[in-house]
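Descriptive analysis of the structure
This is what each chain is made of:
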Amino acid sequence: AQSVTQPDIHITVSEGASLELRCNYSYGATPYLFWYVQSPGQGLQLLLKYFSGDTLVQGIKGFEAEFKRSQSSFNLRKPSVHWSDAAEYFCAVAANFGNEKLTFGTGTRLTIIP
Amino acid sequence: GAVVSQHPSWVICKSGTSVKIECRSLDFQATTMFWYRQFPKQSLMLMATSNEGSKATYEQGVEKDKFLINHASLTLSTLTVTSAHPEDSSFYICSADAGQGLTYNEQFFGPGTRLTVL
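Since we're looking at a predicted model, the values are computed, not measured.

Calculation notes
- Residues numbered from 1 in each chain as written.
- Chains lettered and ligands numbered in written order.
- Predicted model: local features only at pLDDT ≥ 70, side-chain atom pairs only at ≥ 80, totals over all residues.
- Heavy atoms only, no water.
- Helix = DSSP H or I, 4+ residues; strand = E, 2+ residues; numbered from the N terminus.
- Rg over C-alpha atoms; globule rule 2.2 N^0.38 Å.
- Buried < 20%, exposed > 50% of the residue type's maximum accessible area, 1.4 Å probe, protein only.
- Contact = heavy atoms within 4.5 Å.
- Areas by Shrake-Rupley, 256 points an atom, 1.4 Å probe, with all protein chains shown as cover.
- Lys, Arg positive; Asp, Glu negative; His and termini not counted.
- Charge placed at Lys NZ, Arg CZ, Asp CG, Glu CD.
- Pairing = 2+ DSSP bridges.
- Axes fitted to C-alpha atoms, helices over the stretch in contact; angles between N-to-C directions.
- Buried area = accessible area lost by both parts, 1.4 Å probe.
- Salt bridge = Lys/Arg side-chain N within 4 Å of Asp/Glu carboxyl O.
- Polar contact = N/O pair within 3.5 Å; in protein donor to acceptor, adjacent residues only side chain to side chain.
- Nonpolar A, V, L, I, M, F, W, Y, C, P; charged D, E, K, R; others polar.

The number of helices and strands found in chain A is 0 helices and 12 strands. Here the C-alpha radius of gyration of chain A, 14 Å, is about what a compact globule of 114 residues would show, namely 13 Å. Dimensions of chain A, computed from C-alpha atoms along their principal axes, come out at roughly 45 × 30 × 25 Å. By residue count, 46% of the 114 residues in chain A fall in the buried class. Counting only contacts in chain A whose residues sit at least 6 apart along the sequence, the fraction spanning at least 24 positions is 55%. When the accessible surface of chain A is summed, it comes to about 5,400 Å², and 49% of that surface belongs to carbon and sulfur atoms. For chain A, the separation between the mean place of its 9 positive charges and that of its 9 negative charges on side chains is 3 Å.

When helices and strands are tallied, chain B shows 0 helices and 11 strands. In chain B, the order of α-helices and β-strands from amino to carboxyl end is β-β-β-β-β-β-β-β-β-β-β. Relative to its length of 118 residues, chain B is compact, with a C-alpha radius of gyration of 14 Å against a globular reference of 13 Å. In terms of overall dimensions, chain B has C-alpha extents of about 45 × 25 × 25 Å along its principal axes. Partitioning the intrachain contacts of chain B with sequence separation of at least 6 by distance along the chain shows that 55% fall at a separation of at least 24. In the form shown here, chain B has an accessible surface area of approximately 5,900 Å², with 53% of it arising from carbon and sulfur atoms. With 9 positive and 10 negative side-chain charges, chain B shows a spacing of 8 Å between the two charge centroids.

Cis geometry is found at the peptide bond from His-7 of chain B to Pro-8 of chain B, where omega equals 0 degrees. Considering the arrangement of structural elements, one finds Pro-8 of chain B in the loop between β1 (4–7) and β2 (10–13). Non-glycine residue Lys-61 of chain A carries a positive phi angle of around 60 degrees. Position of Lys-61 of chain A relative to the elements: it lies in the loop between β7 (56–58) and β8 (64–68). The class of Lys-61 of chain A is partly exposed, set by a relative accessible area of 46%. Residue Ser-72 of chain A is not a glycine yet carries a positive backbone phi of 50 degrees. Mapping Ser-72 of chain A onto the fold places it in the loop between β8 and β9 (73–78).

Glancing now at the sheet that holds strand β8 (residues 76–81) of chain B. Residues and elements named next belong to chain B. Reading across the sheet, the 4 strands line up as β1-β3-β8-β7 and stay open at both edges, with antiparallel pairing between neighbours. The open sheet terminates on both sides in strands that have one partner only, identified here as β1 and β7 (67–73). Shown here is a sheet whose adjacent strand axes are inclined to one another by a mean of 15 degrees, direction ignored. Pairing analysis gives 6 bridges linking strand β3 (residues 19–25) to β8, with the strands arranged antiparallel. Among the inter-strand pairings, Ile-21 is bridged to a residue of β8, identified as Leu-79.

In this assembly, 20 residues from chain A lie in contact with 18 residues from chain B. Surface buried jointly by chain A and chain B totals about 1,500 Å² across both partners, of which 56% is contributed by carbon and sulfur atoms. Where chain A meets chain B, there are 1 salt bridge. Residue Lys-101 of chain A is joined to Glu-59 of chain B by a salt bridge in which the shortest nitrogen-to-oxygen separation is 2.4 Å. For the pair chain A and chain B, the number of links is 4 residue pairs in polar contact (both at pLDDT 80 or more). Counting residues per element, the ones that place at least two in the side of chain A that touches chain B are β5 (32–38) and β10 (87–94) of chain A. Counting residues per element, the side of chain A that touches chain B draws most heavily on β5 of chain A, at 4 residues. Here the side of chain A that touches chain B is composed, by residue class, of 10 nonpolar, 8 polar and 2 charged.

Here it is, written out as structure tokens:
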């Protein structure tokens, strides 16, 4: 079975600074990889996903993520954060066959300071 | 994008009572809906997968008689927590699959329901 690790429970960055959220997965092959954002009172929103092809994927809200097979990682990045980016971020994986269920990491809470 | 709603957004009930949570896909038909449970500062744990017109598939360790799931139409799934107890207090989130089955189908998530059992 697949698993996901998000090593950072809480990250604080200054507005305008760059951001990188870490995600490592465990799976026998290359899974489908996702990043979601959860804001209070709102459902999880998909930021980006990786299925195959170019290992650098662009998402919404200026986010990008890079799949590194050798490191079993799928880290999320943003060059300049905005106060509105404060939220909980979840990395998730799914087996790459059929329509398999999502397995979520424990999440990283992002705080933005002025 | 596709919108999924949940009702109620929060509910407080007495121990021993049953609570029903609705999950609706507002602008698309969902053949598959998923129910998750999220404890404070923890991840989402899949409880069950429901397909319209058939019985739900529960994850290991989830009591199907405790958490009744009904997916009676392509836009509505309900989760009923029967004889709720304080340990059932949690944040319940549903998602709906709007795909056509050709590739991995994106799940669209509802805003969640906060259940507190006194």
